[in-house]
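Tertiary structure, described
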Amino acid sequence: MNPLVSQCGGTHAAGLTALSVNVNKVALLRNTRHLGIPGVVRAATLCLEAGADGITVHPRPDERHIRAHDVHDLAALLRGWPVAEYNIEGNPFHNLMDFIRAVKPHQATFVPDSVGQFTSDHGWDLAADGGTQATRLRPLIDECHAMGVRVSLFMDPLPDQMALARAAGADRVELYTEPYAAACGTERQAAELERFAAAARAAHAAGLGVNAGHDLNRDNLGAFLRAVPGVLEVSIGHALVADALELGLAETVRAYQRVIRSAHLPAAPGAPA
């Protein structure tokens, strides 16, 4: 494993959640023309220069956004940023493992997407069918470890699944946060936050690190990080790129980092939790 990116420490300031910028939507826009703009590597460079802790890509089999050459181009870029993390996510039973073997990123996030799926919308069910998914995942997780690659499993916030993820060999879980994002600002928000907090506590008890991602944005990220203990990394793409249309990419990264830093500050006396 890359010594600069430990299982639970990350590359960011001690105690702070790392921000990994997903650049899929930059590639999606580029792919609507044949001009090569906006450039995925250029966007990633701007994010890193502005203080992003890492870059995430999710290369799908249909290449509707990230393409094979992007994965390799970004790997070359990140070799020049030794304190930044490269996270490649996708279904290990489709096209993901070829990329992992080729570029050996710091982290592989296994996601149970179907071919052609619109967007990720559920985590692994490691208890289903007598643990069939866990049995199939284990040798691929072992292979990643042999290459020095940390493995995170994309999971729903179900506490009883966390020990199963650890038993399958995972180093971390990435909690699928769309249910929280949908509930944010409604009467369901507190209950959803407690559900995610319980899952995070169960993950920690099982010896797992905790990542989070999907539909997190500047408005809902701070409350999530204050309520859910020990989130090591968030992966944010769609909302961050949308914000960049108004603020610019560099300022958007800085704005998200301000949210993260604020969420880690001690609460003022008498302030609501």
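The next point concerns unusual backbone geometry. Each neighbour pair has its own omega, and for isoleucine 37 with proline 38 the value is -5°, a cis peptide bond. You can see proline 38 is positioned in the loop between helix H1 (24-30) and helix H2 (40-49). You will see that lysine 104, though not glycine, has its phi angle at about 50°, which is positive. With respect to the helices and strands, the residue lysine 104 is situated in the loop between helix H4 (96-103) and strand S4 (107-110). Even without being glycine, histidine 214 reaches a positive phi, approximately 120°. Mapped onto the fold, histidine 214 is located in the loop between strand S7 (209-213) and helix H9 (221-227). Judged by its relative accessible area of 18%, histidine 214 is buried.

Next up on the list: the pairing of strand S3 (residues 85-90). With six of six residues buried, S3 lies mostly within the body of the structure. In S3, alternate side chains face the same way, and those of Glu85, Asn87 and Glu89 on one face and Tyr86, Ile88 and Gly90 on the other are all buried. Note that strand S2 (residues 54-57) and S3 share four bridges and pair parallel. Its bridge partner lying in S3, isoleucine 55 is registered against tyrosine 86. The handedness of the S2 to S3 crossover, carried by helix H3 (residues 68-78), is right-handed.

Next up on the list: the pairing of strand S8 (residues 231-236). For S8, a buried count of six out of six residues is recorded, marking the element as mostly surrounded by other parts of the structure. Across four bridges, strand S1 (residues 18-22) lies against S8 in parallel orientation. Within S8, the position partnered with alanine 18 by the bridge is glutamate 233. The parallel pair S7 and S8 is bridged by H9, and the resulting crossover is right-handed.

On to helix H5 (residues 132-146). Between its first and last C-alpha atoms H5 spans 22 Å; for 15 residues at 1.5 Å apiece the expected length is 21 Å, and the two agree. Within H5, the axis deviates most sharply at arginine 138, by approximately 30°, and proline proline 139 lies no more than four positions further along. What H5 keeps buried is the set Ala134, Leu137, Leu140, Ile141 and Cys144. The secondary structure elements touched by the buried residues of H5 are H4, S4 and strand S5 (150-155). At the exit of H5 stands glycine 148, carrying a positive phi of roughly 80°.

The eight strands lie next to each other as S1-S2-S3-S4-S5-S6-S7-S8, forming a closed barrel whose pairing is parallel. In this sheet, adjacent strand axes meet at a mean angle of 25° when their direction is disregarded. Bridge count for strand S6 (residues 172-176) against S7 is five bridges, and the pairing is parallel. Looking across to S7, one finds that tyrosine 176 is bridged to glycine 213. Of the strands in this sheet, S1 and S8 are in contact with helix H11 (residues 249-263), which crosses S1 at around 145°.

In the predicted model, the chain carries a mean pLDDT of 91, and 89% of its residues have values of at least 70. Taken together, the stretch residues 1-11 has pLDDT below 50 and engages in 29 contacts with residues farther than four places along the chain or on a different chain.

Turning our eyes to something else, we now look at the side chain of aspartate 70. By the secondary structure assignment, aspartate 70 is in helix H3. On the accessibility criterion, aspartate 70 (3% relative accessible area) is buried. Side-chain polar atoms of aspartate 70 contact the side chain of arginine 30, separated by 2.7 Å. A distance of 2.8 Å separates a polar side-chain atom of aspartate 70 from the backbone nitrogen of arginine 67. Filtering out sequence-adjacent residues up to four positions away, aspartate 70 remains in contact with Ala27, Arg30, Val40, His65 and Tyr86.

Right, let's get into the packing of aromatic side chains. Each aromatic ring pair is characterised by the separation of its centres together with the angle its planes make. Enumeration according to the criterion identifies four aromatic pairs in this entry. With centroids separated by 5.4 Å and ring planes inclined at 50°, the aromatic side chains of phenylalanine 154 and tyrosine 176 adopt a geometry described as tilted. Pair noted here: phenylalanine 154 is in strand S5 and tyrosine 176 is in strand S6, with a separation of 22 residues, a long-range link. For the pair formed by phenylalanine 154 and tyrosine 176, the shared burial category is buried.

The rules behind these values
- Residues numbered from 1 in each chain as written.
- Predicted model: local features only at pLDDT ≥ 70, side-chain atom pairs only at ≥ 80, totals over all residues.
- Heavy atoms only, no water.
- Helix = DSSP H or I, 4+ residues; strand = E, 2+ residues; numbered from the N terminus.
- Buried < 20%, exposed > 50% of the residue type's maximum accessible area, 1.4 Å probe, protein only.
- Pairing = 2+ DSSP bridges.
- Right-handed = clockwise from strand over helix to strand, strands pointing away.
- Expected span 1.5 Å × (residues − 1).
- Bend = angle between axes of the 7 residues up to and from the residue.
- Contact = heavy atoms within 4.5 Å.
- Axes fitted to C-alpha atoms, helices over the stretch in contact; angles between N-to-C directions.
- pLDDT = per-residue confidence, 0-100.
- Polar contact = N/O pair within 3.5 Å; in protein donor to acceptor, adjacent residues only side chain to side chain.
- Phe/Tyr/Trp six-rings, centres within 6.5 Å; stacked < 30°, edge-to-face > 60°.

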